[in-house]
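What the coordinates show
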Amino acid sequence: MKKHYNHFLKSSSKRIYLIFLLSLCTSVANAQSVTWAFLKGFENTGGTAVYGTMGVADPANLPGARHSSATWQIGSKLYLYGGGATSSNTSYLNDLWEYDTDTGNWRWIKGNSLTTYQAAIYGTLGEPAEANSPGSRGNSVTWVSGGKLYLFGGQTYTSNNAQRLNDLWVFDPATGNWCWIKGSSLANQTGTYGTLGVAAAANTPGGRLGSVSWEIEGKLYLFGGSNGVSFNDLWEYEVETGNWRWIKGSNSTNQSGSYGTRGTAAAANTPGARYRSESWESGGKFFLFGGHGYGTSSSGKLNDLWEYNPDTGYWRWIKGSNSPNKLGTLGSIEAANQPGARDATISWEAGGKLYLFGGVGFGLTGRSGLRGDLWSATFVSTSAALTSLTLSDGTLSPDFHSDTTSYSTSVSNGTTSITVTPTVSDATASVKVNGVGVTSGSASAAISLSGGSNTITTVVTAQDGETTKTYTLTVHRALSTNANLAALSVSSGTIDPEFDAATLSYAASVPFATSSITVTPTLSEANATIQVQVNGGGYTSVA
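About the criteria used
- Residues numbered from 1 in each chain as written.
- Predicted model: local features only at pLDDT ≥ 70, side-chain atom pairs only at ≥ 80, totals over all residues.
- Heavy atoms only, no water.
- Helix = DSSP H or I, 4+ residues; strand = E, 2+ residues; numbered from the N terminus.
- Buried < 20%, exposed > 50% of the residue type's maximum accessible area, 1.4 Å probe, protein only.
- Areas by Shrake-Rupley, 256 points an atom, 1.4 Å probe, with all protein chains shown as cover.
- Pairing = 2+ DSSP bridges.
- Axes fitted to C-alpha atoms, helices over the stretch in contact; angles between N-to-C directions.
- 1 Å grid on protein atoms, 1.4 Å probe; cavity = no way out; pocket = protein on both sides within 12 Å on 5 of 7 lines; lining within 4 Å.
- Points joined across faces, edges and corners; volume = space filled by probe spheres on them.
- Nonpolar A, V, L, I, M, F, W, Y, C, P; charged D, E, K, R; others polar.
- Polar contact = N/O pair within 3.5 Å; in protein donor to acceptor, adjacent residues only side chain to side chain.
- Contact = heavy atoms within 4.5 Å.
- Core = buried A, V, L, I, M, F, W, Y, C linked by side-chain atoms within 4.5 Å.
- Phe/Tyr/Trp six-rings, centres within 6.5 Å; stacked < 30°, edge-to-face > 60°.

Comments concerning the overall build of the protein chain
From N to C terminus, the protein chain includes zero helices and 40 strands. Looking at the 543 residues of the protein chain, the share that counts as buried comes to 44%. A total of about 24500 Å² of accessible surface is found on the protein chain, and carbon and sulfur atoms cover 50% of it.

As for the sheet that holds strand β9 (residues 141-145)
Taken in spatial order, the four strands of this open sheet run β9-β10-β11-β12, and their pairing is antiparallel. Two strands lie at the open edges of the sheet, namely β9 and β12 (177-182), each paired on one side alone. Sheet twist, expressed as the mean angle between neighbouring strand axes with direction ignored, is 35 degrees. Two elements, β9 and strand β10 (residues 148-158), share five bridges in a ladder whose sense is antiparallel. Residue Thr 142 lies in a different strand from β10, and its bridge partner there is Leu 151.

Overview of the layout of surface pockets
Each pocket or cavity is described by its volume, and for the second largest pocket that value is around 910 Å³. In terms of lining residues, the second largest pocket is bounded by 31 residues, among which Leu 485, Leu 488, Val 519, Pro 521 and Val 532 are the most central. Mapped onto the lining of the second largest pocket, the elements with two or more residues apiece are β35 (485-490), β37 (507-508), β38 (519-523) and β39 (530-533). Tallied by class, the residues present in the lining of the second largest pocket amount to 20 nonpolar, eleven polar and no charged.

Quick word on the side chain of Glu 98
Secondary-structure assignment places Glu 98 in strand β7 (residues 92-100). Under the relative-accessibility criterion, Glu 98 is labelled buried at 8%. Within the structure, the side chain of Glu 98 is placed 3.0 Å from the side chain of Tyr 79, a separation counted as a polar contact. Filtering out sequence-adjacent residues up to four positions away, Glu 98 remains in contact with Lys 77, Leu 78, Tyr 79, Asn 105, Trp 106, Arg 107 and Ile 109.

A word on unusual backbone geometry
Of the consecutive residues Ser 397 and Pro 398, the connecting peptide bond is found in the cis state with omega at 0 degrees. With respect to the element layout, Pro 398 can be found in the loop between β26 (386-391) and β27 (406-411). For the peptide bond that leads from Asp 496 to Pro 497, omega is 5 degrees, which places it in the cis range. Mapped onto the secondary structure, Pro 497 falls in the loop between β36 (495-496) and β37. One non-glycine residue, Asn 188, adopts positive backbone phi at about 60 degrees.

Quick look at the environment of Thr 241
Looking at the element boundaries, Thr 241 is found in the loop between β15 (230-238) and β16 (243-248). Classification of Thr 241 by relative accessible area gives partly exposed; the value is 44%. Residues Thr 241 and Ala 199, 42 residues apart in the sequence, show an inter-C-alpha distance of 9.3 Å.

Examining the sheet that holds strand β6 (residues 77-84)
Pairing in this open sheet of four strands is antiparallel, and the strands run β5-β6-β7-β8 from one edge to the other. The strands lining the two open edges of the sheet, one partner per strand, are β5 (70-74) and β8 (105-110). Taking each pair of neighbouring strands and ignoring which way they run, the sheet shows an average axis angle of 25 degrees. In the sheet, β5 pairs with β6 via five bridges, with the strands oriented antiparallel. For Thr 71, the partnering residue across the bridge sits in β6 and is Leu 80.

Here we look at the nonpolar core
Membership of the largest hydrophobic core comes to 23 residues, with the highest contact counts inside it found for Ile 418, Val 420, Ile 456, Val 460, Leu 473 and Val 475. Secondary structure elements with two or more residues in this core: β26, β27, β29 (420-424), β30 (430-433), β33 (452-461) and β34 (468-477). Once residues lying within four places of it in the same chain are set aside, the contact partners of Ile 456 are Ile 418, Val 420, Val 433, Asn 434, Ile 447, Tyr 471, Thr 472, Leu 473 and Val 475. Judged by nonpolar contacts, the second largest core, of 15 residues, contains Phe 152, Leu 222, Phe 231 and Trp 246.

Regarding the packing of aromatic side chains
Per the counting criterion, the structure on display carries 29 aromatic pairs. Look at Phe 286 and Tyr 308: their rings are 6.1 Å apart centre to centre, the planes differ by 20 degrees, and that puts the pair in the stacked class. Residue Phe 286 is found in strand β19 (residues 285-294), and its partner Tyr 308 is found in strand β20 (residues 299-309); the two are separated by 22 residues along the sequence. Like Tyr 308, Phe 286 is buried.

Dropping the structure here:
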């Protein structure tokens, strides 16, 4: 599950909890059915927090009015940290709250109840402690992994000066303690990029706010953000090793996007520098929408939609404009529809669809402002790749890689058939081996092999029904060295001795009246050939 900075909490696939605890229920079957329910909080602007007793849930407890908080969700528990206590962005909080969707109660679990600046208490790097606290901040980026809450960077203010942070923290709900695990305890640090694609203990993104994030299989991904200038760098943090790896984008700021061809993934593709974008994870792919930043050249509010495949390391521009400040189009589900350019949206994923709500930017008219529109995006996969291809006999050469489509293997002559087991990278794709449908991850029917070369094709068809990828396997079955006969008979008389494959010389006696004879040899190996020589003459082939 991914989490990111924004003004809301996610509960389940059909409920969104805002700071004022409004929930937006959406019907997956009918995205036009929308019902709001006021659950808890303040009816007017502002609102002073009711902290109650730390660690104790109570119906009266309420976080104060705020914006740009950090959020997480684990099961039915929604977590909220810090955020701006004033609309001027100069006062941030450091309190950590838990909301139980089953009971409807808030619980203040960490931090303090002061609205003035609270410095972070870092303690010792890598050591959790009861006193540790990330301090007052907002616009951070977050993840959930292994039942723990991760928080990176964001912004705070001291003496009315903006401070951009690059520290990485983890909170363990089981112990109730924060632990500073990476980055600097000082503000406004530049990034240490190291070598592209290589993880290292010294690597770390620079201080920033407004990034987006994804999480998959114990790896935390971070893209973009701003520290007054914008980034388009993509980072991966591996929880197990504790190291950052710069994997895509530039180590310079304010970079324009490299869009390539719409709908086509490529190594050179990358979104432009931006912040306050929206992000989703679906089907093992990362999605990025809009934000404020750079298209192909100029900057502004964006409405481009991107997909990143962590298996290939490629970005794919799939929708929207490569220029900023574009208006949206509205209607029933149509290929031309798209939200207007915007940033600071909120989002969620449910039932294979991506949902987008609100933000600041453009709607259907020429004025930019606060939006309240709800959109859904339905994706049809164009993935037609395999993640593995295995054989019942023999070894693939070269080793399998999803981008390599030609392979060979060699088997002994004793192998008369082989099965192929293809596994697709996208569960919506279909696969055929030599034209016969095969279930992904299951063996094909036995394929007969002739001596010599045999060609087997595996064709993957994407969900769109048009995109295909063909993997070709050449199986070399060794030719037989069996030059024996299985039988030898004559049309008249009897051979002597009795036939045995190991015996090479025979004699036969026939009556004087027999003026001709035929010899019938039977091969032991069907693919062998026979030549007959008569009385020292030339050799004649026998069918």
